[in-house]
Amino acid sequence: QVQLVESGGGLVQAGGSLRLSCAASGFTFSTYAMGWFRQAPGKERVFVAAISWSGGNTYYADSVKGRFTISRGNAKNTVYLQMNSLKPEDTAVYYCARSPSRGPYYSDYGQYDYWGQGTQVTVSS
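This structure is a prediction, so every number in the text was calculated from the model and none was measured. (Residues numbered from 1 in each chain as written. Predicted model: local features only at pLDDT ≥ 70, side-chain atom pairs only at ≥ 80, totals over all residues. Heavy atoms only, no water.)

1. Concerning the environment of Gln-13
Then comes step 1: As for its placement among the helices and strands, Gln-13 is situated in strand 2 (residues 10-13).
Then comes step 2: Expressed as a C-alpha distance, the spacing of Gln-13 and Trp-53, which sit 40 residues apart in the sequence, is 33 Å. (Helix = DSSP H or I, 4+ residues; strand = E, 2+ residues; numbered from the N terminus.)

Structure, rendered in C-alpha cells:
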C-alpha cells in the first residue's frame, strides 16, 4: 500500500534549521509530484512547497520563499524539506503528500491523494 512517513521534526530556536524527510513506498515514486503542507493548532492545513515528478520545477508559499528548499531523491524514494531561518510562525505539524496532478501548480489541497501522519516542528523565540 501507499505509505508516506515523515521524519526530522523537533524543537529548534528561532533562526535555526531543520531538514524534514518523507520516505515513500508502495508506488512508483518518480512519476508523482510531491508536496509539503503544514497545520498549526486551530488553523487549516496550508501549502508549503511542492516539487514536480522530475524535480525540475519547485513551488513555494510566499511565507517560506527564500528560507525553505524542497528537493527529492528519486533513487531513495524520499522528498526533503530544508528549512532555514526558522521563525516561531513556522511552528506546525508538517505533512508530506503525493500528487497525481500534472500541474503546472501544486498548491491546492485537492491535488493530493495520499498523506503522511505528520511530524511536529516547534520553533521557540
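2. Considerations on the pairing of strand 1 (residues 3-7)
Then comes step 1: Residues Leu-4 and Glu-6 point to one face of strand 1 and are all buried, whereas Gln-3, Val-5 and Ser-7, pointing to the other face, are not buried.
Then comes step 2: The sheet contact formed by strand 1 and strand 3 (residues 18-25) spans 5 bridges and is antiparallel. Residue Val-5 lies in a different strand from strand 3, and its bridge partner there is Ala-23. (Buried < 20%, exposed > 50% of the residue type's maximum accessible area, 1.4 Å probe, protein only. Pairing = 2+ DSSP bridges.)

3. What about the nonpolar core?
Then comes step 1: Grouped together as the largest cluster of nonpolar side chains are 34 residues, with contacts concentrated most on Met-34, Trp-36, Val-79, Leu-81, Met-83 and Tyr-94.
Then comes step 2: Of all the secondary structure elements, the ones that give two or more residues to this core are strand 3, strand 4 (33-39), strand 5 (46-51), strand 7 (68-73), strand 8 (78-83), strand 9 (92-99) and strand 11 (119-124).
Then comes step 3: Broken down by element, this core gets its largest block of residues, 5 residues, from strand 5.
Then comes step 4: With near-sequence residues (within four places) excluded, Tyr-94 lies in contact with Glu-6, Leu-20, Trp-36, Phe-37, Arg-38, Val-48, Phe-68, Leu-81, Met-83, Gly-118, Thr-119 and Val-121. (Core = buried A, V, L, I, M, F, W, Y, C linked by side-chain atoms within 4.5 Å. Contact = heavy atoms within 4.5 Å.)

4. Here we look at the pattern of salt bridges
Any two side chains of opposite charge can pair, on the condition that their charged atoms come close.
Then comes step 1: The full count for this structure, using the stated rule, is 4 salt bridges.
Then comes step 2: One salt bridge connects Arg-67 with Asp-90, and the closest N-O pair in it is separated by 2.7 Å. Of this pair, Arg-67 sits in the loop between strand 6 (58-60) and strand 7 while Asp-90 sits in the loop between strand 8 and strand 9, and the two are 23 residues apart along the sequence.
Then comes step 3: We classify Arg-67 as buried; its relative accessible area is 9%.
Then comes step 4: One network of salt bridges, with partners in common, ties together Arg-38, Arg-67 and Asp-90. (Salt bridge = Lys/Arg side-chain N within 4 Å of Asp/Glu carboxyl O.)

5. Structural notes on the side chain of Ser-99
Then comes step 1: With respect to the helices and strands, Ser-99 occurs in strand 9.
Then comes step 2: At 2.8 Å, the side chain of Ser-99 forms a polar contact with the backbone oxygen of Gln-111.
Then comes step 3: Filtering out sequence-adjacent residues up to four positions away, Ser-99 remains in contact with Tyr-32, Ala-33, Tyr-106, Gln-111, Tyr-112 and Asp-113. (Polar contact = N/O pair within 3.5 Å; in protein donor to acceptor, adjacent residues only side chain to side chain.)

6. With respect to the sheet that holds strand 1
Then comes step 1: Pairing in this open sheet of 4 strands is antiparallel, and the strands run 1-3-8-7 from one edge to the other. Taken across any chain shown, the strands that pair with only one partner, and hence form the sheet edges, are strand 1 and strand 7. On average, adjacent strands in this sheet sit at an angle of 15° to one another, irrespective of strand direction.
Then comes step 2: The pairing of strand 7 with strand 8 spans 6 bridges and is antiparallel. Bridge pairing in strand 8 links Gly-73 to Thr-78. (Axes fitted to C-alpha atoms, helices over the stretch in contact; angles between N-to-C directions.)

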